[in-house]
Every structure is written in structure tokens, then in C-alpha cells.
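Chain residues, written in single-letter form:
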Amino acid sequence: MTGLVYKSTGSNYTVKTDDGQLYDCRIKGKFRIQGIKSTNPIAVGDIVDFDLDQSTDETIGQIHHIQDRKNYIIRKSVNLSKQVHIIASNIDVVFLLVTINNPATTPSFIDRFLVTAEAYGIEAVLIFNKIDTYDEATLEEQLYLQYVYSQIGYTCLRVSALENKGLDALKNLMKGKVCMFSGHSGVGKSTLVNALEPALDLRTAALSSTHQQGQHTTTFAEMFDLSFDSKIIDTPGIRGFGMVDMQPHEVSDYFPEFFARKESCKFNNCLHKEEPHCAVKEALEADEIAWSRYRSYMQILEGDDEQYRSDQYAEERRNLQ
């Protein structure tokens, strides 16, 4: 039998077949997919082949094969273990939810996520959520970030799930596609899914008043069918986004505004650091490339994965002003 993985809890998987039947499945043996050693060999969005366990219950299955993925999005833990985790697979478009200060989403986090999406060939859209909560200063910061990323070519939406603002535009981008919502805990992923499809009634929670950080309400990835011809994968909140290893000369290829200028650099192997006649550095000095993007590039190039503390973001926000 063949089906689509709708839920992954780490050891148990909910698989849906074309006829709409759901099966509780487990892994048969060990899986190593395309040389990837990950904490979860099977991810939501995978198409799997499985057999029913006739000896116990015909709704229990054992997964014995994962069909080839067209793509997946992956992250490395920012803790000392540096384990790799596949967030989801076979995605048409990923929506990164961004909030300015409740909780704060850093430009470095945004850039690391976008670089990963670029590396794995997944369309990425930025959703600036909770716009109903913005004061004048917050609005100015949000509009600046929107300008930076829209100039690069990323689609940006301004959304308020509580006031139903921007939802129609979001639905239009989602129709006919397998979509993933991602972002920090507390940015409003589950609330937004509920606004798009109230019948789902996903659990939500308020921000921690002490640290203005989100509390995990989604503890595992899960896919939902939506009434407007779309599937949405809701994922647990991500505190930090560690980069999967890339060769130094590859990193700039995943910054579209860098890649567009690469051929104009004097040296073919230019890393855009201290090389003479570097088109990227010239564009940076001419304010054609945002300094926040260049800082993110340098942090990735130098292997710095610890850019998510509040004091670091405070410095980033001062630099944006």
C-alpha cells in the first residue's frame, strides 16, 4: 500500500491513502535516505509504501520504503549535538511567519531560513504577522524589512489573523499547493491556520510574559487538508536555525542578490570578503544590498550558529535604524 505521511511523532506516523483511509504506521528496520543521517528518517509530506500487520490490526502498518522526495527542508540543531532534522518534505511553498517584537524574529534567522529554502529548491514567502499589534516604530521596522526582501524578489504579505487582514491574498498563494508554515514559537502559526480553516480549531497559547517567547503548542509536524484545495503542514516553533554544512563558495549562490552580481566580480571564486573589484561589496557600499543581509552572509560563511540571543538581536535592530 502507498500513502502520504500526515503526522510524525518521532516513532509513530499517520499515513493517508488515496481513498482517504488513515493508518497508524511504524518503521520497519532502519532508514538512511540519500546518505542523510537525521533524527527523523521519515517526515511529514513523505510518500511511503507500507504493509498492514495482518496478525494484529488491519489499521496498523509497517513502513518499508520511502519514495524519492522532490525536495525537503532541513535544519541542524543549534545545541551541541548538531543533529540534523528534516522538518517536512515534498513542499510546494514554505511560509515563514515573522513578528517584529512579540516574539522578535531576527534578520539573521530569516536569512538562514531563506538560504536553506533556496538550497533545497523550495519557494519561500514571508508573512509579517500580527500587524494589528504594531505601533509606529514597529510598523516602520516591519515596512523596512518588507522593502528589503521584496526588492530581492521574495513575496511578502502583511497579515493579521485576529482581524482577518491579508487572508484572501494568502489563500490565493496556497491554492492547489502543499504548504508549510514555520517560524519561532509564538509567531501565530496555529492561530493563522485556525483563521484560514476555523473548523480545525488547533490549540494555541499566549506568549510568556517573562521573556516574550512563544510557548510550544505544536509539538510535532502535522499536515491538514484545507477546504480551499490546499494542504498545510503546521510545524513546531523553531528557536534557532543552524545551517547544514555548505562549502564557502556555495553560500553566496543562495543569496539571490549576491548571485545576480557574482559574474561581475573580478575573481570567479570571490567570497565577497576582502577581494578587490568585488561586485557584491560595491553594491553593498552603494546601498543596493542590505547590510543586514551581508552580516547574515558573513555569519554563515564563518560558521557562527549562535545568533539568536536577545542581546544580539538588540544590536541588529539598532543597526537597522
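Our subject is the structure listed above.
Only a predicted model underlies this, so the values are computations on that prediction, with no experimental measurement involved. (Residues numbered from 1 in each chain as written. Predicted model: local features only at pLDDT ≥ 70, side-chain atom pairs only at ≥ 80, totals over all residues. Heavy atoms only, no water.)

Novice: When you look at the overall build of the protein chain in this model, what are you seeing that I'm missing?
Specialist: Helix and strand content of the protein chain: nine helices and 13 strands. A buried classification covers 50% of the 321 residues belonging to the protein chain. In the protein chain, the proportion of contacts linking residues at least 24 apart, taken out of those at least 6 apart, comes to 65%. Per element, the accessible surface of the protein chain, about 15500 Å² overall, is 45% carbon and sulfur. (Helix = DSSP H or I, 4+ residues; strand = E, 2+ residues; numbered from the N terminus. Buried < 20%, exposed > 50% of the residue type's maximum accessible area, 1.4 Å probe, protein only. Contact = heavy atoms within 4.5 Å. Areas by Shrake-Rupley, 256 points an atom, 1.4 Å probe, with all protein chains shown as cover.)

Novice: Please explain the environment of Glu 302 as it appears in this structure.
Specialist: Considering the arrangement of structural elements, one finds Glu 302 in the loop between helix H8 (291-301) and helix H9 (310-320). Separated by 54 residues in sequence, Glu 302 and Pro 248 place their C-alpha atoms 8.6 Å apart.

Novice: Explain unusual backbone geometry here, please?
Specialist: Comment: phi is negative for the bulk of residues other than glycine, and the bulk of peptide bonds are trans. With an omega of 0°, the peptide bond running from Asn 102 to Pro 103 counts as cis. Residue placement: Pro 103 occurs in the loop between strand E8 (93-98) and helix H1 (107-119). With a phi angle near 55°, Asn 164 is a residue other than glycine that sits in the positive phi range. Exposure remark for Asn 164: the relative accessible area of 53% places this residue in the exposed category. In this structure, His 277 is a non-glycine residue whose phi angle is positive, near 55°. Here His 277 lies in the loop between helix H6 (256-259) and helix H7 (279-285).

Novice: Can you help me understand the nonpolar core in this one?
Specialist: The tendency in soluble globular proteins is for nonpolar side chains to be buried side by side. Judged by nonpolar contacts, the single largest core of 34 residues is most densely connected at Ile 73, Leu 126, Tyr 149, Met 180 and Ile 233. The element that contributes the greatest number of residues to this core is H1, accounting for five residues. Non-local contacts of Tyr 149, meaning those with residues more than four positions away in its chain, are made with Pro 107, Ile 110, Asp 111, Leu 114, Leu 126, Tyr 154, Cys 156 and Arg 293. Listed in part, the 22 residues of the second largest apolar core include Phe 95, Ile 127, Val 159 and Leu 192. (Core = buried A, V, L, I, M, F, W, Y, C linked by side-chain atoms within 4.5 Å.)

Novice: Quick question: what am I supposed to make of the packing of aromatic side chains here?
Specialist: Between two aromatic rings, the relevant description is the distance of the centres plus the angle of the planes. Inspection of the entire model under this criterion finds nine aromatic pairs. Where Phe 255 meets Phe 258, the ring centres are 5.0 Å apart and the plane angle is 25°; that geometry is what we call stacked. Accessibility classification places Phe 255 together with Phe 258 in one group, the buried group. Ring centres of Tyr 294 and Tyr 297 lie 6.1 Å apart, and the angle between their planes is 40°; on these two criteria the pair is classed as tilted. One end of the pair, Tyr 294, and the other, Tyr 297, are both in helix H8, three residues apart, so they sit about a helical turn from each other. Three or more aromatic residues joined by ring pairs form one cluster here, namely Phe 255, Phe 258, Trp 291, Tyr 294 and Tyr 297. (Phe/Tyr/Trp six-rings, centres within 6.5 Å; stacked < 30°, edge-to-face > 60°.)

Novice: I'm lost on the side chain of Asp 46 in this one. Help?
Specialist: Within the secondary structure layout, Asp 46 lies in the loop between strand E3 (22-27) and strand E4 (47-53). Of note is the side chain of Asp 46, whose polar atom sits 2.7 Å from the side chain of Ser 89. Excluding residues within four positions of it along the chain, Asp 46 makes contact with Gly 3, Leu 4, Val 5, Pro 41, Ile 66, Arg 69, Ser 89 and Asn 90. (Polar contact = N/O pair within 3.5 Å; in protein donor to acceptor, adjacent residues only side chain to side chain.)

Novice: Please explain helix H3 (residues 167-174) as it appears in this structure.
Specialist: The α-helix advances 3.6 residues per turn, and as a result positions three or four apart in sequence lie on the same side. Of all the residues in H3, the buried ones are Leu 167, Leu 170 and Met 174. Each buried residue of H3 sits inside an arc of 60° when the element is viewed along its axis, so together they form one side. Exposed side of H3, more than 90 degrees from the buried face: Asp 168 and Asn 172 are the residues found there. Taken from the residues just after H3, Gly 176 is the one with a positive phi, measuring 75°. (Arc of directions from axis to C-beta.)

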